[in-house]
Amino acid sequence: VQLQASGGGLVQAGGSLRLSCAASGRTFTSYTMGWFRQAPGKEREFVAAISRGGTIAEYTDSVKGRFTISRDNAKNTVWLQMNSLKPEDTAIYYCAADEGRRTYPSLSSLEYDYWGQGPLVTVSS
């Protein structure tokens, strides 16, 4: 599967952005989808993930209540709606696909098999 992410940009603290990730190739419903991010000088970290059917979502604690992950399997697309953005959310964001057919989305980057090029999100204070 090929992943194409978009939607990054520069936003002031408290603002919102929506990231999109379009998938092509194999059947989209075969994949758990996740978002990860990597800030300058830091390791890549888990942000959010959603199950193949879209009924189960997981979030890292720092984004709970602010970010929402969703998917439309008919459109082969997953989104990350980011509200109340903070400067510490500044990072390159990556979408990823896990073909492991798990019931619950994995929070580990090691479980994800395919990665898209990340959009840069910059949040100014």
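Check the entry above for the structure.
Since this is a predicted model, take the numbers as computed values, not measurements.

J.: Just checking my understanding: could you explain the pattern of salt bridges for this structure?
T.: A side chain of one charge can pair with a side chain of the opposite charge if their charged atoms are brought near each other. All chains considered together, the criterion is met by six salt bridges. D61 is paired through a salt bridge with K64; the nearest N and O atoms lie 3.0 Å apart. Between D98 and R102 there is a salt bridge whose closest N-O contact spans 2.6 Å. Here the residues in one salt-bridge network are R37, E45, R66 and D89, joined through shared partners.

J.: In this structure, what is going on with the environment of T68? I would like to understand it.
T.: Mapped onto the elements of the fold, T68 is located in strand 7 (residues 67-72). Those residues in contact with T68, other than ones at most four positions away along the chain, are Y59, W79, L80 and Q81.

J.: Which parts of the structure should I look at to understand the packing of aromatic side chains?
T.: Where two aromatic rings form a pair, the distance of their centres and the angle of their planes describe that pair. On inspection of all chains with the given rule, the structure shows five aromatic pairs. Pairing Y31 with Y114 gives two aromatic rings, centres 6.0 Å apart and planes at 90 degrees, and the pair type is edge-to-face. Pair noted here: Y31 is in the loop between strand 3 (17-24) and strand 4 (32-38) and Y114 is in strand 10 (residues 114-115), with a separation of 83 residues, a long-range link. Exposure remark for Y31: the relative accessible area of 0% places this residue in the buried category. Here the aromatic rings of F36 and W115 are separated by 5.1 Å at their centres, their planes lie at 55 degrees, and the arrangement is tilted. Within this pair, whereas F36 is found in strand 4, its partner W115 is found in strand 10, the two being separated by 79 residues in sequence. Overall, the relative accessible area of 1% leaves F36 in the buried class. Through a chain of ring-to-ring contacts, three or more aromatic side chains come together here, namely F36, F46, Y112 and W115. Here R44 stacks its cationic end above the ring of W115, 4.5 Å away from the centre of that ring.

Criteria and cut-off values
Residues numbered from 1 in each chain as written. Predicted model: local features only at pLDDT ≥ 70, side-chain atom pairs only at ≥ 80, totals over all residues. Heavy atoms only, no water. Salt bridge = Lys/Arg side-chain N within 4 Å of Asp/Glu carboxyl O. Helix = DSSP H or I, 4+ residues; strand = E, 2+ residues; numbered from the N terminus. Contact = heavy atoms within 4.5 Å. Phe/Tyr/Trp six-rings, centres within 6.5 Å; stacked < 30°, edge-to-face > 60°. Buried < 20%, exposed > 50% of the residue type's maximum accessible area, 1.4 Å probe, protein only. Lys NZ or Arg CZ within 6 Å of the ring centre and 35° of its normal.

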